[in-house]
Amino acid sequence: MKRAIHLASLGDGKTSPNPMVGAVILDKNGNIISEGFHYKAGMPHAEAMAFNNLKKDATGGSMYVNLEPCCHLGKTPPCVDKVISSGIKKIYVSIKDPDKRVSGKGIKLLKEAGIQVHLGLCKKESLELNKAFVYRNITDKTYGVLKWAMSIDGRIGLKNGKSKWITNEESRSLVHSFRAEFDAIIIGGNTLRKDNPILTTRGLKSPEPLRVIFTKTLDLPSKSNLWNSNEAKTLVIYDSSTANEKFLARIPKCVEVEKVSTDNPELISRLLAKRGCNKVLWECGPRLATSAVKSGCINEIISFIAPKILGGENSMSPFGDFEFQEMHEILDLNESNISFIGNDICVKSSLKN
Ligand SMILES: [Zn+2]
């Protein structure tokens, strides 16, 4: 199963809206005779790839797969049928498909066909691997990671908005590769106006993550790096209760536009989940970051901390006001993973609850 999970992880960042799945087939003597993984949405599922790679007869053998085989006809034929017709007599499934419409059905069909099904092997590791997929299926929201870079005194920019660069070059290039894990990157209109970012992995992922701009005003510049759709797709989401729709004319035709009825970031999360995004990266400024946390859109944080001091009461912080009055109200994080990137420190953690 650990081999299946490792194979599954090779599809990281490429399988959405599907999960990451790996499959290993053993012959009746317990020797590995084939394996496969789902490497991209629309391509064969892990089980199908493992059967396609099969060189020997699998009759009487067994299969290890980190997620319940599918039983519905999607873009590819159901895997359950392939397992049944293969002559395999035993299958180890790590976790059930979290999709309520199909969960348990694949296992039921396998059992009805006389195959022994063992559920739960390496469950914790499999849930961790596909946490974003599981989260989207259970909540209809995307799994959100909030990222920011700051000085050791907790500042993300000077009072005048200047912020290039706080962290070192190595940290910044790490961000590019780190983006490849995500289906979408979200910024607010302020970040677009101030930084004119490119928001790509610089070619590390194809297609590049969807670039999402959330704006309350639609007052976006007519020239922007994000209006160039050659490198990556861009989606503008605007709050129709406050935006001036006259500004829509500034946005080029190659950019998609969607509207939401309020400025609650949960609507962005739900909209992107509906579009099949499992995991999204919020690279936004303090205002949107604060409301994204408040509305429960953030599951994890990643903070790059540079040994520099910006100072100033009015220089920019990663967050706005949460209006906490008592210390017991403040946000508490789970155990952190801390690493050093040259002189910078990278802290990864998750929000409690
Ligand atoms: Zn399948």
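This one's a predicted model, so the numbers in the text were calculated from it and none came from an experiment.

**Thoughts on a nonpolar patch on the surface**
Thinking step 1. Together, Phe324, Met327, Ile330 and Leu331 make up an exposed nonpolar region whose accessible area comes to about 380 Å².
Thinking step 2. Along the chain, Ile330 turns up in the loop between strand E12 (300-306) and strand E13 (337-341).

**Notes on the sheet that holds strand E8 (residues 210-215)**
Thinking step 1. A sheet is described by the order of its strands in space; here 9 strands give the open sequence E10-E9-E8-E7-E11-E6-E12-E14-E13, paired in mixed fashion. At either end of the open sheet lies a strand with only one pairing partner, and these are strand E10 (256-260) and E13. Strand after strand, the sheet turns through a mean of 20° between neighbouring axes, direction not considered.
Thinking step 2. Direction of pairing for strand E7 (residues 184-188) relative to strand E11 (residues 279-282): parallel, over a ladder of 3 bridges. Paired with Ile186 across the two strands is Trp282, which belongs to E11.

**Some points on the coordination of the zinc ion**
A metal bound by six donors in octahedral fashion has ideal angles of 90 or 180 degrees, whereas one bound by four tetrahedral donors has an ideal angle of 109.5 degrees.
Thinking step 1. Taken together, the protein ligands of the zinc ion are His45 (ND1), Cys70 (SG) and Cys79 (SG), with distances of 2.0 to 2.3 Å.
Thinking step 2. Donor residues binding the zinc ion come from one chain and are separated in sequence as H-x24-C-x8-C.
Thinking step 3. Note on Cys70: relative accessible area 8%, which makes it buried.

**Some points on the side chain of Asp239**
Thinking step 1. Tracing the chain through its elements places Asp239 in strand E9 (residues 234-239).
Thinking step 2. Despite its burial, Asp239 remains without a salt bridge, the nearest opposite charge being carried by Lys216 at 6.4 Å.
Thinking step 3. In terms of polar contacts, Asp239 uses its side chain to reach the side chain of Ser241, at 2.7 Å.
Thinking step 4. From its side chain, Asp239 meets the backbone nitrogen of Asp263 in a polar contact 3.3 Å long.
Thinking step 5. Look past the residues within four positions of Asp239 in its chain and what remains in contact with it is Phe214, Thr215, Lys216, Val260, Ser261, Thr262 and Asp263.

**Here's the deal with the domain arrangement of the protein chain**
Thinking step 1. The domain boundaries assigned to the protein chain delineate domain 1 (2-131) and domain 2 (140-350).
Thinking step 2. Spacing between the C-alpha centres of domain 1 and domain 2 amounts to 35 Å.
Thinking step 3. For the pair domain 1 and domain 2, the summed buried area comes to about 680 Å², and 42% of that belongs to carbon and sulfur atoms.
Thinking step 4. Three residues stand out in domain 1 for area buried against domain 2, namely Gly13, Ser16 and Lys131, and they jointly supply 57% of the buried area on that side.
Thinking step 5. Viewed at the interface, domain 2 and domain 1 are joined by 1 salt bridge.
Thinking step 6. Two residues, Lys131 and Glu300, come together in a salt bridge whose shortest N-O distance is 2.7 Å.
Thinking step 7. Inspection of the region where domain 1 meets domain 2 yields 5 residue pairs in polar contact (both at pLDDT 80 or more).
Thinking step 8. When the residues that make up the side of domain 1 that touches domain 2 are grouped by side-chain class, the tally is 1 nonpolar, 3 polar and 3 charged.

Rules used throughout
Residues numbered from 1 in each chain as written. Predicted model: local features only at pLDDT ≥ 70, side-chain atom pairs only at ≥ 80, totals over all residues. Heavy atoms only, no water. Patch = residues over 30% accessible without salt bridge, like charges linked within 9 Å, V, L, I, M, F, W, Y side chains within 5 Å. Areas by Shrake-Rupley, 256 points an atom, 1.4 Å probe, with all protein chains shown as cover. Salt bridge = Lys/Arg side-chain N within 4 Å of Asp/Glu carboxyl O. Helix = DSSP H or I, 4+ residues; strand = E, 2+ residues; numbered from the N terminus. Pairing = 2+ DSSP bridges. Axes fitted to C-alpha atoms, helices over the stretch in contact; angles between N-to-C directions. Donors = N, O, S within 2.8 Å, 3.2 Å for Na, K, Ca; no water. Buried < 20%, exposed > 50% of the residue type's maximum accessible area, 1.4 Å probe, protein only. Lys, Arg positive; Asp, Glu negative; His and termini not counted. Polar contact = N/O pair within 3.5 Å; in protein donor to acceptor, adjacent residues only side chain to side chain. Contact = heavy atoms within 4.5 Å. Domains from an automatic or database assignment. Buried area = accessible area lost by both parts, 1.4 Å probe. Nonpolar A, V, L, I, M, F, W, Y, C, P; charged D, E, K, R; others polar.

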